[in-house]
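# Structural overview for review
Listed below are the residues making up each chain.
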Amino acid sequence: MNADNAHAATGHAQATHTVDADSAALDVRGLSKTFGGLRAVDDLSFRVPPQSIFGLLGPNGAGKTTVLNLISGLIKPDHGSITVFGDEIAREPAHRVARAGVARTYQNVRLFPALTVLETVMTGFYQHRQAQLWHSVLCLPSERRERREVAERARELLDRVGVTAPPERLAEALPYGEQRRVEIARALATQPKVLMLDEPTAGMNDVESESLGQLMFSLREEGISLVLIEHNVKLVLKFCSDAAVINFGELIAEGDPRACVEDPDVQAAYFGKQSDAERLNTVLRVRGDHGTD
Ligand SMILES: Nc1ncnc2c1ncn2[C@@H]1O[C@H](COP(=O)(O)OP(=O)(O)OP(=O)(O)O)[C@@H](O)[C@H]1O
C-alpha cells in the first residue's frame, strides 16, 4: 500500500464531511429486528466513539451482519434508533444512509458483473453525484475531464488498498482476497465518515490481514470511524480500540476488546457452540498471549 497517496486519495472526503468530535460516530439504541419468530437483534444498544476501530464480535448467527444491514438501511428495524454523528438514519433508505456518510463491505463480496476493477471503484466516486445526464450523453469536454480525474483518484485508492491486479481486468475475475480489497476501495470512494467492514480478512493470509489492519489505522488517522466484524480475535485485539460482543442478538459485553474477550459471558457464548470450536481455540490462544504482535 502506498501511504503517500493516503490524503490524496481520500482528502476530498475530509473536505465534504464535517466530523463532530462530541457525537458518537454511531449510536445504536434499543435496536430490534425479528425474522418470523426469530429475534435476530434484541433491544441492542452500543456506541461507536468517533475515530475508533470498533470490533463487533459474536459467535456464528449472533446477529452481527443483521446489525450492519440495519445500520446501512438494507432492512428496517422493528424498534430502535441509529444515529450517525447525531443524525437519525434508522428508517432511511440505503442511498440516504450512504449520503449520511456510512459505507460498508459485505461478508459475501458484492461486485457488479461486467465492470472492470477501475470502473468498480469509480462507481463509488459517482455515488453522491447529481448526475448531469446530458453532459454524459453529449460527452462534453468537462465530462471527459472529470472522468479522467475520477479514474486517477480511483487508481490511487486501488494502490492504497493494495490491489495489484490490472485495473482493466474484470473485478469478478480476481481472487477472493483481491476482490475484498476492490470492495474496500469502492467503499472509500464514497468518502465515508463511518466505514463498516464485514469479515474483511476472509480469504486473506496473515500478511494480507496485517496489511489491512495497518490500512484501518491510517484511515482512523484521517478521521474515519471503522466498524469491523471479524472472527480473527488476534486481529481484533491488535487493531480494535473498542468492541461489543453480541449473542442471540443481545449485547453481552462492551468496552475494551481484551476485557470483552475475557468476559465470562463471552467465553460461555463461544464455549457453548461446538461448531465454533476453531474460534474458541483462537480465543484460548489469545488468552495466553498478552503481547500485541
Ligand atoms: N433475512 C433473514 N431471514 C430470516 N432469518 C435471518 C435473515 N437474516 C438473518 N437471519 C437469521 O438471523 C440470525 C442472525 O444472523 P446473522 O447473519 O446476522 O448472524 P451473524 O452474527 O452475522 O453470523 P455469522 O458470523 O455466521 O455471519 C441467524 O439465526 C440467521 O439465520
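Conventions and cut-offs
Residues numbered from 1 in each chain as written. Predicted model: local features only at pLDDT ≥ 70, side-chain atom pairs only at ≥ 80, totals over all residues. Heavy atoms only, no water. Helix = DSSP H or I, 4+ residues; strand = E, 2+ residues; numbered from the N terminus. Buried < 20%, exposed > 50% of the residue type's maximum accessible area, 1.4 Å probe, protein only. Contact = heavy atoms within 4.5 Å. Areas by Shrake-Rupley, 256 points an atom, 1.4 Å probe, with all protein chains shown as cover. Pairing = 2+ DSSP bridges. Axes fitted to C-alpha atoms, helices over the stretch in contact; angles between N-to-C directions. Salt bridge = Lys/Arg side-chain N within 4 Å of Asp/Glu carboxyl O. Polar contact = N/O pair within 3.5 Å; in protein donor to acceptor, adjacent residues only side chain to side chain.

Turning to the overall build of the chain, a few remarks are in order. Per the secondary structure count, the chain includes 12 helices and 10 strands. Buried positions account for 52% of the 293 residues belonging to the chain. Summarising the internal contacts of the chain: among those between residues at least 6 apart in sequence, 70% fall at separations of at least 24. Within the structure as shown, the chain displays about 13,300 Å² of accessible surface, and the carbon and sulfur contribution to it stands at 51%.

Bringing the sheet that holds strand 9 (residues 242–247) into the picture now. The strand order across the open sheet formed by 6 strands is 6-7-8-3-9-10, and the pairing between neighbours is mixed. Two strands lie at the open edges of the sheet, namely strand 6 (102–104) and strand 10 (250–255), each paired on one side alone. Along the sheet, successive strands turn relative to each other by an average axial angle of 20°, direction set aside. The sheet contact formed by strand 9 and strand 10 spans 5 bridges and is antiparallel.

This brings us to the pattern of salt bridges. Within this structure, the stated rule accounts for 10 salt bridges. We note a salt bridge from Asp 27 to Arg 29, for which the minimum N-O separation is 2.9 Å. Overall, Arg 29 belongs to the partly exposed group, its relative accessible area being 40%. The residue Glu 178 makes a salt bridge to Arg 181 at a minimum N-O spacing of 2.9 Å. Separated by 3 residues within a single helix, Glu 178 and Arg 181 lie in helix 7 (residues 176–189), roughly one turn from each other. Looking at Arg 181, the relative accessible area reads 9%, which means it is buried. Because the salt bridges share partners, they merge into one network encompassing Glu 178, Arg 181 and Glu 208.

The next point concerns helix 2 (residues 64–71). Across the 8 residues of helix 2, 7 count as buried, placing the element largely inside the fold. Listed as buried for helix 2 are Lys 64, Thr 66, Val 67, Leu 68, Asn 69, Leu 70 and Ile 71.

A word on the pairing of strand 7 (residues 194–198). Among the 5 residues that make up strand 7, 5 are buried, leaving the element largely enclosed by the rest of the structure. Where burial is concerned, the two faces of strand 7 agree: the one with Val 194, Met 196 and Asp 198 and the one with Leu 195 and Leu 197 are both buried. Of the strand pairs in this sheet, strand 6 and strand 7 are connected by 3 bridges, and their pairing is parallel. Along strand 7, the bridge assignment pairs Ala 103 with Leu 195. Pairing analysis gives 5 bridges linking strand 7 to strand 8 (residues 225–229), with the strands arranged parallel. Looking at the pairing, Leu 195 lines up with Leu 226 of strand 8.

The exposure class assigned to Glu 178 is buried, which follows from its relative accessible area of 9%. Within the structure, Glu 178 has its side chain in polar contact with the backbone nitrogen of Ala 165 (distance 2.9 Å). Setting aside anything within four residues of it in sequence, one finds Glu 178 in contact with Gly 162, Val 163, Thr 164 and Ala 165.

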